[in-house]
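Here's the letter readout for the chains.
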Amino acid sequence: MAPRSGDAWARVLSALRASPAAFVARAGAEALAAELLSELRSERLSEPTKLSLLSVIMEFPTQLWPDPSAAEAAAYTLLDTMALLPPQPAALRRPLLLATTSVLAACGALGSASNATSRLLSMLLVAASGRATGPEQRALQATACECLRELESCLPGLLAGQLGLLRALQDTLGTQAHCLLFVLALRNALGALTRAGAGAPTRLQGLLATRTGPQRGETKAWDWSLVAPRAQWPGPWDWSLVGEDTWGRSVPSGQEGDWSEPDASPLDLSPPEARELRATVSQLLDTSYLLTPPAQAQMLQQLSLVLRAVRGQPPALLKPQLVRLLGTARVSLLHAVLASKDAFGEALFTAQDEALLLRRLVGAAQHPALPPPARLFYLHCLLHFPENWPLGPAGEESTPVLLTPSLATGLLPSLLQDPPNLLARLHLLCLLCREELGADENRDCQGMEEQALGYLQGLLAGLRQGAAQPGAPRSSATLCFRASYLATQCLASHPGALAQLTRGLAELYQARPCLAPHFVDLLEQAGEALAEPLGKALQQVAVTRVGGAQALQWHLQILTKVAGGQPLGPTLGFLWAARGQGGDWAWEQALLGACRALLRGIGLSEAGSRDLASLLQELARDLDDPDSRDRGRLYYSLFTHLSGPKLGSALGPTHSMPMLCSSLVEENEGFASSLTVQEVQAPLQLRRIPQQAKGPPVILGLTVEASETLYSLELRFRILGPHYEPLEAMQVPCLHPGAFPKLLLLPLVPRRPYPALLDISVLYATPSGLTCYAQLPSLPIAFADLFLPLLPPPLERTHPPTFQELWASCLPGGAESCMWGPWQGQALETLVTKHWKPFVVSATPPTNYQVAIHLPPSSQLLLQLEAAGDNGVRVALRTDDWAILPLAGEYLRGLGAAA
């Protein structure tokens, strides 16, 4: 095969990334791997192309070399390629080190018998030990340390024999990479000594002694006799402390140092070794402030594990650094502090420290200048705060002892907050209400306790009211049910609170029966405390047949779910009445599903049995679809011939294996596959492209390209939710790899201007004659995708309405709000030009802008932006549709977060 050019390799690598398994199966793993290794030595290819080849090797080592022996040979070839590089700094040296490490670690080729491993370890130690005189050398040194950390993580204890050398490098060079490498090696070495058993502790002082490293230019395996003449090492590398089990498999990363398990006893050290270890830990802590916050956090967690691994080591060594970090604004450092508190408790943190941490978390969780993810992190820390003296059984959710209701007043949830923040605050409020209700169950709630519970009930009522509005978005219903689930879990032992919640949910179902799937999920997840009363209330609403004929299918879903635990009479009466309504095949199957749920129930009375048998007889005779009649006849036969236990077993879920294909199909597998649609992973890439807003309809621009030749493509689109008109399928005659992407213009017709998710599937034919079906990744339709300029005025108007006329026309039927934006100086002008240029009605750059946006089918959104000096921008909003005001607020907050 002729050598590929750089452009040809770019196309090959793009196809490989699009579908790695299919591409490797088609091209052959051995041939592709050999070609990659050969091209790395080619002088025709440029360095960027070779870097792309190395990145593919790092991404897909297991697909290219599934066999460890092949991976060993590939790693040796990569090391030989590195030896051919010129001595001056080369851009390929670091990627070659990373690729070799990835191949050995991912493909299972690491081990004492691997010559490539020994050669790589010596090379990495040489690179990590050298004096870095320039940026390239410093980058190579850091890369070598990262590779050694990766190898140490894969085989804990691998660098235990090099602790002295790593400590010397940390003392002399003191870079962040050397510090983290030494801490990880120290932690794993203590774990290895613990696994080694009696007699091993006497080796720690020798392991920490300073040793010399390999000399630059050495290519042979490491000679330990030159490093420690009096030490007896079994070979060129000490594998005796490596974390392997008796079968030679390495301990999974992340499990090698967990000495908190009951079967891992702490290590006993002699007094000199204990003093040496304390001095090492103190030295590392003293230099930790020079590291970046993530590196400091990682070092603190590793040193905590080091102290927990050794008996008699006081955790007070960590106290000075942790006190320094009590007021930190870095999330990673605060997480490390809380992890240390969880590990050592009152041995490291006093009650005053705990109160300070709680006040710090409460203040940060409501700070307006912090981004939403950070505030959610602080709320999560409050909900899972590691206490010195926790109350209640282990694993039970509760608020910290020192977190009083008065301290948590600022964390009350509000309907104006974004859903994640609202749910986290609601969870905290539910826990506070449960504790106050449980403090004295013999008295009524009074004072602050009654106010907190009343506020919780009012908030849940507000969420239900928003979900009950006709045409309310799906997100509001999802938020309401998630909040109801949290309240149920926290207030399960308080019947009064659950009774009010049950009534509210029943009223919500009465207002919107189309939320039946959400109620079914809630009944499955909420537990017995809510399932019994809520199921009874929902049955009472369903049998009244609210919503007319359009809601019958939703009522059937509810009755199918609650049939086994509720009275039979109302459900049977509903089914008798629904039998004469008629309907399509899906409606008949839902009706029979409710009958099946009744058959699986227990405790049928004689009268109920006769009514159910008569109903099944009528269904077997009167249903329109033959399949439905046969199913009704089957249920009648089973009901009249089987006892209760056998009937439940026959109608319950089956666990049998699927039937095998017949011998005829097995002999003609190729013929059968050509006649059926194969569900595959499509070699297609679908991308969004920006479209300029000109006028209705809303146009969604898509480009489609393929990594294989495909014919007769039919792209099918479905928008999840009821707020858009159905979309027509689009046909593409053919697609060829490397061709210019095909442009598709998809018109959207919203019924309501809400964001949604576009579900995409494709049906196509391959050159071999197969018909394939694939599900493509869903694409989001954002709120901003629906923006259109204002419609032209009607014929009777001679001029378009002014902005002030539009502004006044929004009220009183619409809604208005105001926000603050963090844009300063020219940032406001840049924001308007980038996002709202087609919608600007009037402007006084760069301080004042008036923006009018049309949202199909018939809504409008008006913005007045006025700069307030260096403090930011005041944004006034008005709309003639109050339901889109939260969406507009979320959209503007997203622009503020991006700024």
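**Some remarks on the overall build of the chain**
At step 1: Check the secondary structure of the chain and you find 36 helices and 13 strands.
At step 2: By residue count, 45% of the 899 residues in the chain fall in the buried class.
At step 3: For the chain, the accessible surface area stands at approximately 43900 Å², while carbon and sulfur atoms represent 56% of it.

**A few points about a nonpolar patch on the surface**
At step 1: Residues I699, L743 and L745 make up a contiguous nonpolar surface patch of about 240 Å² in total accessible area.
At step 2: Within the secondary structure, L743 is located in strand 6 (residues 742-748).
At step 3: Judged by relative accessible area, which is 44%, L743 ranks as partly exposed.

**A word on the packing of helix 22 (residues 474-490) against helix 24 (residues 516-526)**
At step 1: In contact at an axis separation of 11 Å, helix 22 and helix 24 are set at 20 degrees when each is read in the N-to-C sense. In terms of orientation, helix 22 lies roughly parallel with respect to helix 24. Our pair here, helix 22 against helix 24, has a crossing hand that is right-handed. Facing A477, T478, F481, Y485, T488 and Q489 of helix 22, the residues of helix 24 in contact are H518, F519, L522, Q525 and A526.

**Thoughts on the sheet that holds strand 12 (residues 859-867)**
At step 1: Overall, antiparallel pairing links the five strands, which are arranged 9-13-12-11-10 in an open sheet. At either end of the open sheet lies a strand with only one pairing partner, and these are strand 9 (815-821) and strand 10 (840-844). When strand polarity is set aside, the average angle formed by the axes of neighbouring strands in this sheet is 15 degrees.

**Topic: the state of the cysteines**
At step 1: For the coordinates displayed, the defined rule picks out zero disulfides.
At step 2: Between C433, a cysteine without a disulfide, and C430, which holds the nearest cysteine sulfur, the sulfur-to-sulfur distance is 6.5 Å.
At step 3: Its relative accessible area of 3% is what places C433 among the buried residues.

**Details of the packing of aromatic side chains**
At step 1: Evaluated as defined, the whole model comprises eight aromatic pairs.
At step 2: Aromatic side chains Y509 and F519 sit 5.4 Å apart centroid to centroid with 80 degrees between the ring planes, which places their arrangement in the edge-to-face category. Highlighted residues: Y509 in helix 23 (residues 495-511) and F519 in helix 24, separated in sequence by ten residues. Here the two residues Y509 and F519 agree in accessibility, since each one is buried.
At step 3: Centre to centre, the rings of F787 and F839 are 6.0 Å apart; their planes meet at 85 degrees, and the pair counts as edge-to-face. Of the two residues, F787 sits in the loop between strand 8 (771-781) and helix 34 (803-809) while F839 sits in the loop between helix 35 (827-835) and strand 10, which places them 52 residues apart along the sequence.

**Remarks on the confidence of the model for the chain**
At step 1: Looking at the chain, the pLDDT average stands at 81 and 84% of residues meet or exceed 70.
At step 2: Across the chain, the secondary-structure element scoring lowest on mean pLDDT is helix 13 (residues 224-227), at 26, and the one scoring highest is helix 7 (residues 93-106), at 93.
At step 3: Counting contacts from residues 198-202, a segment whose pLDDT is below 50, to residues more than four positions away or on other chains yields six contacts.
At step 4: Counting contacts from residues 655-671, a segment whose pLDDT is below 50, to residues more than four positions away or on other chains yields two contacts.

**Focus: the pairing of strand 11 (residues 848-855)**
At step 1: Counting buried residues along strand 11, seven of its eight residues qualify, which places the element largely inside the surrounding structure.
At step 2: Between strand 10 and strand 11, which pair antiparallel one after the other, the connecting turn spans three residues.
At step 3: Relative to strand 12, strand 11 is paired through eight bridges, and the arrangement is antiparallel. The partner of A852 across the bridge, within strand 12, is L862.

**Considerations on helix 30 (residues 626-641)**
At step 1: Its 16 residues place the ends of helix 30 23 Å apart at the C-alpha level, agreeing with the 22 Å of an ideal helix rising 1.5 Å per residue.
At step 2: Among the residues of helix 30, S628, G632, Y635, L638 and F639 are the ones counted as buried. Mapping the buried residues of helix 30 onto a view down its axis gives an arc of 130 degrees, with all of them on the same face.
At step 3: Of the residues flanking the start of helix 30, the one acting as N-cap is D625, its side-chain oxygen 3.0 Å from the backbone nitrogen of D627.

**Some points on the sheet that holds strand 1 (residues 677-679)**
At step 1: Taken together, five strands build an open sheet; the order of strands is 1-8-7-4-5 and the sheet is mixed. Each edge of the sheet is formed by a strand with only one pairing partner; in this case those strands are strand 1 and strand 5 (730-735). The mean angle between the axes of side-by-side strands here comes to 30 degrees, regardless of whether they run parallel or antiparallel.
At step 2: One ladder, built from five bridges, connects strand 4 (residues 710-720) with strand 5; its direction is antiparallel. Each bridged residue has a counterpart across the sheet, and for L710 the counterpart in strand 5 is L735.

**Remarks on the packing of helix 6 (residues 68-83) against helix 8 (residues 115-129)**
At step 1: Between helix 6 and helix 8, whose axes approach to 9 Å, the crossing angle comes to 35 degrees. Remark: the crossing between helix 6 and helix 8 carries left-handed chirality. Where helix 6 abuts helix 8, its residues E72, A75, Y76, L79, D80, M82 and A83 lie against N115, A116, R119, L120 and M123.

**Some remarks on the nonpolar core**
At step 1: Counting residues in hydrophobic clusters, the biggest one holds 195 residues, and the most contacted among them are I57, W65, L456, F519 and L575.
At step 2: Considering each element in turn, this core owes the most residues, eleven residues, to helix 11 (residues 176-196).
At step 3: Excluding its chain neighbours within four sequence positions, the residues that come into contact with F519 are F481, L505, L508, Y509, L538 and I558.
At step 4: Judged by nonpolar contacts, the second largest core, of 61 residues, contains I719, L748, L776 and V875.

Thresholds applied
Residues numbered from 1 in each chain as written. Predicted model: local features only at pLDDT ≥ 70, side-chain atom pairs only at ≥ 80, totals over all residues. Heavy atoms only, no water. Helix = DSSP H or I, 4+ residues; strand = E, 2+ residues; numbered from the N terminus. Buried < 20%, exposed > 50% of the residue type's maximum accessible area, 1.4 Å probe, protein only. Areas by Shrake-Rupley, 256 points an atom, 1.4 Å probe, with all protein chains shown as cover. Patch = residues over 30% accessible without salt bridge, like charges linked within 9 Å, V, L, I, M, F, W, Y side chains within 5 Å. Salt bridge = Lys/Arg side-chain N within 4 Å of Asp/Glu carboxyl O. Axes fitted to C-alpha atoms, helices over the stretch in contact; angles between N-to-C directions. Parallel < 35°, antiparallel > 145°, perpendicular 65-115°, else oblique. Left-handed = near helix turned anticlockwise from the far one by under 90°. Contact = heavy atoms within 4.5 Å. Pairing = 2+ DSSP bridges. Disulfide = S-S within 2.5 Å. Phe/Tyr/Trp six-rings, centres within 6.5 Å; stacked < 30°, edge-to-face > 60°. pLDDT = per-residue confidence, 0-100. Expected span 1.5 Å × (residues − 1). Arc of directions from axis to C-beta. Polar contact = N/O pair within 3.5 Å; in protein donor to acceptor, adjacent residues only side chain to side chain. Core = buried A, V, L, I, M, F, W, Y, C linked by side-chain atoms within 4.5 Å.

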